[in-house]
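Listed below, chain by chain, are the residues.
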Amino acid sequence: MEALIRNLSIIAYYLSEFDMKAVNALGYANRSIAFKEISIAMGKPNNYLKRRRDEFDVITSSQRRGQCNRPVLPAVQEIFDEFHCLSFDEMTQIVKEIIAHGTLQISSEELQDDAYLHSIDNTLTPNCGQKRIATSPVPVHKRTITERKAFWRDPVVAANALCNADYKCEICESHETFIRKSTNKPYTEPHHLVPMSAQDKFNVSLDVENNIVSLCSNCHNHLHYGTEIDPLLKTLFEKRKELLLKAGISISYEELKNLY
Ligand SMILES: [Zn+2]
Ligand SMILES: [Zn+2]
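Only a predicted model underlies this, so the values are computations on that prediction, with no experimental measurement involved.

So, the overall build of the protein
Per the secondary structure count, the protein includes 10 helices and 4 strands. The order of α-helices and β-strands along the protein, N terminus first, is α-α-α-α-α-α-β-β-α-β-β-α-α-α. Residue burial in the protein is summarised as follows: out of 260 residues, 32% are buried.

Following this line, the structure appears as structure tokens:
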């Protein structure tokens, strides 16, 4: 099980088993605030944890009987088997640590990418994504996540950016990819050419189609984790420099390179 999903499952189990006692122990006024704030802090949509909690209601001692006819999902059974012997206090400790860790990850673009790629995949449908570029600068979109500034990245903007590129890799159109289940279109990943971590240096939004390139998984990971990224970065910069200016993003190649 992927680490993020496992951690969210542990929280969902805790909220199902201990309900308001858990909500209070984590310092939230009510269930809906707890679901919403923890989901967002962990990089998921507002109602994510509520849905996951419902999955656990089938198996825990929860009094919410509405879900009791549903089958127990294997992943739910697995988490339950592993944690149901722990006490309320032990579980509280574990969940607090997960939330603190998840919240820390929000400030790091790379670690957040996993949640971001998931949110894009959840947004994509066969007819979503339209060819669109910004013709003037776009205001910065900020969201406050538990006292920490994080820059919200809109999955719809990312979907448009992939569409603009006809779902091809912008390093080279011939790069091989595969078909995405949710859309039946080639799978590519959105990458912010000027990284979102540099948003504070700009007074216009970096989360615009003009700044998002479509890359095959290999090129995307090369840019984030590889050496000798110069040829890739130069190719992308040359392709995008005019579109960047159109969105009010003024940057030289040297300045861009320093952000990587
Ligand atoms: Zn990226
Ligand atoms: Zn590629």
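Now that the structure is up, let's keep going.
A word on unusual backbone geometry
If you check the backbone angles, aspartate 166 has positive phi at about 50 degrees while not being a glycine. Turning to its location among the elements, aspartate 166 is positioned in the loop between helix H7 (155–164) and strand E3 (189–192). Look at tyrosine 167: it is not a glycine, yet its phi comes out positive at around 60 degrees. Within the secondary structure, tyrosine 167 is located in the loop between H7 and E3. Under the C-beta neighbour-count criterion, tyrosine 167 is labelled partly exposed, with 17 such atoms within 10 Å.

Looking at the nonpolar core
Counting residues in hydrophobic clusters, the biggest one holds 26 residues, and the most contacted among them are Ala158, Ala161, Val194, Leu215, Cys219 and Ile249. Counting residues per element, the ones that place at least two in this core are H7, strand E4 (212–215) and helix H9 (230–246). Top element by residues in this core is H7. It accounts for 5 residues. Once you skip the residues sitting within four places of it in the chain, cysteine 219 turns out to touch Cys169, Ile171, His175 and Leu232. Counting residues in hydrophobic clusters, the runner-up holds 23 residues, among them Tyr13, Phe18, Leu49 and Ile79.

A short note on the environment of serine 217
Among the structural elements, serine 217 can be located in helix H8 (residues 217–225). You can call serine 217 partly exposed: it has 15 C-beta atoms within 10 Å. Sequence separation between serine 217 and threonine 188 is 29 residues; the distance between their C-alpha atoms is 6.5 Å.

With respect to the environment of glutamate 78
Tracing the chain through its elements places glutamate 78 in helix H4 (residues 74–83). In sequence terms glutamate 78 and serine 9 are 69 residues apart; their C-alpha atoms lie 9.8 Å from each other.

Remarks on H9
If you check H9, its first and last C-alpha atoms are 24 Å apart, about what 17 residues at 1.5 Å a residue would give, namely 24 Å. The sharpest bend along H9 measures roughly 50 degrees and falls at arginine 240. Considered for burial, the residues of H9 that qualify are Leu232, Leu236, Arg240 and Leu244. Considering only its buried residues, H9 is in contact with E4 and H8. Two residues or fewer past H9, glycine 248 is found with a positive phi of approximately 80 degrees.

A few points about the packing of helix H2 (residues 31–41) against helix H3 (residues 48–57)
It is at 7 Å that the axes of H2 and H3 come closest, and there the two elements cross at 110 degrees. Of the possible angle classes, the one that applies to H2 and H3 is roughly perpendicular. Facing Phe35, Ile38 and Ser39 of H2, the residues of H3 in contact are Tyr48, Leu49 and Lys50. The residue makeup of the contact of H2 with H3, split by class, is 4 nonpolar, 1 polar and 1 charged.

What about the pairing of E3?
With burial as the criterion, each face of E3 is covered, one bearing Glu189 and His191 and the other bearing Pro190 and His192. Taken together, the 4 bridges between E3 and E4 define a ladder with antiparallel strand orientation. Note that in E4 the partner of histidine 192 across the bridge is isoleucine 212.

Conventions adopted
Throughout this document, residue positions are counted from 1 along each chain, in the order its sequence is written. Each chain takes a letter, starting from A, and each ligand takes a number, starting from 1, following the order in which they are written. Given that the model is predicted, a residue must reach a pLDDT of at least 70 before its local features are reported, and side-chain atom pairs must reach 80 or more before they are shown or counted; all residues, however, enter totals for whole chains, interfaces and linings. Per the convention used, a helix needs a DSSP run of H or I reaching at least four residues, while a strand needs a run of E reaching at least two, with both numbered from the N terminus. Around each residue's C-beta, the other C-beta atoms within 10 Å are counted; 20 or more make the residue buried, 12 or fewer make it exposed, and counts in between make it partly exposed. All C-beta atoms are placed from the backbone. A set of buried Ala, Val, Leu, Ile, Met, Phe, Trp, Tyr and Cys residues, joined to one another through C-beta atoms within 7 Å, is what we call a nonpolar core. For the purpose of contact definition, each residue receives a C-beta atom placed from its backbone, and two residues are in contact when these atoms lie within 7 Å. An expected span of 1.5 Å times one less than the residue number is assigned to each helix. Fitting axes to the seven residues that end at a residue and to the seven that start at it, the angle between those axes gives the bend at that residue. To define axes, lines are fitted to C-alpha atoms, for helices over the stretch in contact only, and angles between the resulting N-to-C directions are given on a 0 to 180 degree scale. Just so you know how the angles are binned, under 35 degrees is roughly parallel, over 145 roughly antiparallel, 65 to 115 roughly perpendicular, and the rest oblique. Residues are grouped as follows: Ala, Val, Leu, Ile, Met, Phe, Trp, Tyr, Cys and Pro are nonpolar; Asp, Glu, Lys and Arg are charged; all remaining types, including Gly, are polar. A pair of strands is considered paired only if DSSP assigns at least 2 bridges between the two.

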